[in-house]
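Architecture and fold: a report
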Amino acid sequence: MSIEPIIGRYVTVTIGGIEQRIYFEEAGEGRPVLCLHTAGADTRQWRHLLNDAEITKVNRLVAFDMPWHGKSLPPEGFETQEYLLTTDAYIETVLAVIEALKLDRPVLAGCSMGGRIALQLAALHADRFSGFVAIEASDFQPAWYDIDWFHRPDAHGGEMGAALVSANISPYAPSSERWNTLWMFMQSGPGVFRGDLSFYTKDDSLIRRLCQIDTTKTPVHIIVGAYDLTCTPEDAKRTASAIDGATLAVMEEVGHFPMSEHPEGFRPFFVAALEKMPKTEAT
């Protein structure tokens, strides 16, 4: 029997004038690294890295569930609302968590929609961070699927979401981790995946902001999986080329959910990304 070093707690922040109770997990000490999950998922995607003693020896990894996701409940009165994530709300949430947890210029590591918002923050609020690791991230892709299928009375939204996710997982991913990843999406709250994808597939504002990113002040490193159908290597390369000084790595045996689908395949790329980020006195 073993007890994992991950510690889970709650913090209350104000987003859009409404108090939100946010669940977060952390492990390690040293340089803070704030980790963002993908659309429709939660902090469990980061569990392998949070349990990695070599990484947490010099890095304090913090991951949180966005409102409506995982253990972060929706706001009071959610039953009368339609959940649709926006860029402004997403940015406000990330900054509110940083402020509440007193994270001093953390490295921001986000995947998929988390990678997209990492690039938005690199353009708009770079001074709050020491660097950005944008995983499966690009400027914009319109949906090649109908997002309304993920919230219909005649379809199981969680299973529909898992089907889309499955197509974006590498064939090299271990079967157990493939199914652990799919399980998270099967458990997603009604309409949550759809609401996240609304942000991901409709807001193209990042395209005109890429030129605002100054990598001489805060480095940007983009990582993409070769088996990602949603954010292809070509998408990531196009985005990296539009950011002066950004660096890029392509993972040959990984898909769209690297930290959960294929943690061993992702680990060396994540370690290399952290090595590109500024060190703090603690590290």
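A brief structural summary. (Residues numbered from 1 in each chain as written. Predicted model: local features only at pLDDT ≥ 70, side-chain atom pairs only at ≥ 80, totals over all residues. Heavy atoms only, no water.)

1. As for the pairing of strand β8 (residues 247-251)
As judged from the 5 bridges shared by strand β7 (residues 220-225) and β8, these two strands associate in the parallel manner. Within the sheet, the bridge partner assigned to Ile222 lies in β8 and is Leu248. (Pairing = 2+ DSSP bridges. Helix = DSSP H or I, 4+ residues; strand = E, 2+ residues; numbered from the N terminus.)

2. Let's talk about the packing of aromatic side chains
In the structure shown here, the tally under the stated rule is 13 aromatic pairs. On the basis of an interplanar angle of 85° and a centroid distance of 5.0 Å, the ring pair of Trp144 and Tyr145 is categorised as edge-to-face. On the accessibility criterion, Trp144 (47% relative accessible area) is partly exposed. Residue classification places Tyr145 among the buried residues on the basis of a relative accessible area of 16%. An aromatic cluster of at least three residues, connected via ring pairs, comprises Trp144, Tyr145, Phe150, Phe185, Phe193 and Phe257. Here Arg116 stacks its cationic end above the ring of Tyr200, 4.3 Å away from the centre of that ring. Taking NZ or CZ as reference, Arg152 lies 3.9 Å from the ring centre of Trp149, over its face. (Phe/Tyr/Trp six-rings, centres within 6.5 Å; stacked < 30°, edge-to-face > 60°. Buried < 20%, exposed > 50% of the residue type's maximum accessible area, 1.4 Å probe, protein only. Lys NZ or Arg CZ within 6 Å of the ring centre and 35° of its normal.)

Remember that the coordinates give geometry; whether it matters functionally is a separate question.
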